[in-house]
Amino acid sequence: MLGSMSDPVPALARSLPKVELHCHLEGSARPATIVELAKKNGVALPVDDPTELFHFDDLNSFLAVYGIICQSLVTADDFRRITYEALEDAVADRVRYREMFFSPSFAMAYGVALETVWDGIRAGLAEAHADLDVRCRMVLDVDKGGAPSAATDLVAFAAQQDRDLIVGIGGDSTERGVDHSTFLPAYELAARQGLRRTMHAGEDGPAENIAISLDVLGCERIDHGVRLIDDPELMARVAEARIPLTVCPLSNVLIARMIDDVAEHPFARQREAGVLVTVNSDDPGMTGTTISDDYEHVARAFSYDLDTMEQLALDGIEACWAPDDEKAALRTRFLAEFDAGRADADMAVRGMS
Ligand code: HPA
Ligand code: ZN
């Protein structure tokens, strides 16, 4: 879907340099890789083509499919491969910096050791940093459907790793009916250990889960945060404190199915209220969409101009957890790439006239 001649911005938005802060490793695995790994590991998938599995009507049915996909991931080399490939795909979308979630509880449920998961991811990151023009840090997500004590154990593991490889922790999986405050011991430990903290909240649950994540758990970012729009007082506080939301507009249409179209997403209203919203893909392998699709859809749905789309890319830098010097270097690079992109677009228009 390219932009029309009358509005070139959606197409131009695709080629902007990007930061991505909400993207799950396991949900980024290529379907063809999942098929290969399942065969290699003797895991019987219920279908030959995993894309046939990718039918979900809500977050919980999506998570059931996520679990099936994760059965195919058994060895450290499997995790190395999906990490590397996820970053190869990110580069194709001009992602220059990513903070990527991994959710080890899913593989651990099938008997894979946490160390095996992590050894593979570390190897994939090292290879990607050597070969590819992208920098990535990981965020360990605890399973909100699991026991709070298991979450604390995962955080203790994360705390022992290099902060340049695991920068923080988050919480994903189911939201409905979960008392988010029960994860306080895990989040307190993370804070004591200097890990950054975020939480999926307000995706499939009320704005109250966002308030608990911020006020009880001490989160510095919120993943999704769609339902923030329901609590104007909280939204004003989030805006004032520059607490970023890592929004995944197409995921909200395709996975949680809270809206039928990106145009119905509160993204633009949240932004108008001063909230630091960022654009992200969530689970590109499973939705068959990429962050470029999200940029394109946001530009079209809200009729944003190129300045606004460039500002959204810069907002990703503000919201990320890279050291300040790295953020400054990213900003300089993005500004140069914006100029080059505008010059190319001008040449293309002149060539047509
Ligand atoms: N929400 C909750 N759990 C998830 C998601 C999500 O968007 N993606 C992968 N696991
Ligand atoms: Zn997510």
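Just so you know, these numbers come straight off a predicted model, no measurement behind them. (Residues numbered from 1 in each chain as written. Chains lettered and ligands numbered in written order. Predicted model: local features only at pLDDT ≥ 70, side-chain atom pairs only at ≥ 80, totals over all residues. Heavy atoms only, no water.)

The next point concerns empty space enclosed by the protein. Overall, the coordinates contain one cavity of 30 Å³ or more when judged by the stated rule. One number sums up the size of the largest cavity: a volume of about 120 Å³. Looking at the lining of the largest cavity element by element, the count peaks at four residues for helix 4 (residues 59-70). Split by residue class, the lining of the largest cavity holds six nonpolar, four polar and four charged. (1 Å grid on protein atoms, 1.4 Å probe; cavity = no way out; pocket = protein on both sides within 12 Å on 5 of 7 lines; lining within 4 Å. Points joined across faces, edges and corners; volume = space filled by probe spheres on them. Helix = DSSP H or I, 4+ residues; strand = E, 2+ residues; numbered from the N terminus. Nonpolar A, V, L, I, M, F, W, Y, C, P; charged D, E, K, R; others polar.)

What follows is about unusual backbone geometry. Here Arg257, not a glycine, exhibits a phi torsion of approximately 55°, which is positive. Within the secondary structure layout, Arg257 lies in the loop between helix 12 (249-254) and helix 13 (267-272). Here Arg257 falls in the partly exposed class, since its relative accessible area comes to 44%. The backbone of Asp282 shows a phi angle near 80°, a positive value even though the residue is not glycine. (Buried < 20%, exposed > 50% of the residue type's maximum accessible area, 1.4 Å probe, protein only.)

Let us look at the packing of helix 5 (residues 76-92) against helix 7 (residues 114-131). Viewed as axis vectors pointing N to C, helix 5 and helix 7 meet at an angle of 35°, and their least axial separation amounts to 7 Å. Relative to helix 7, the crossing made by helix 5 is right-handed. Contact residues: Ala76, Phe79, Arg80, Thr83, Tyr84 and Leu87 in helix 5; Thr116, Val117, Asp119, Gly120, Ile121, Ala123, Gly124, Leu125, Glu127, Ala128 and Asp131 in helix 7. When the residues that make up the contact of helix 5 with helix 7 are grouped by side-chain class, the tally is nine nonpolar, four polar and four charged. (Axes fitted to C-alpha atoms, helices over the stretch in contact; angles between N-to-C directions. Left-handed = near helix turned anticlockwise from the far one by under 90°. Contact = heavy atoms within 4.5 Å.)

Let us now look at helix 10 (residues 207-215). Most of helix 10 is tucked away: seven of the nine residues are buried. Of the surrounding secondary structure, the elements contacted by the buried residues of helix 10 are strand 5 (196-201), strand 6 (221-224) and helix 11 (232-240).

By secondary structure assignment, the location of Pro206 is in the loop between strand 5 and helix 10. Once residues lying within four places of it in the same chain are set aside, the contact partners of Pro206 are Glu175 and Arg227.

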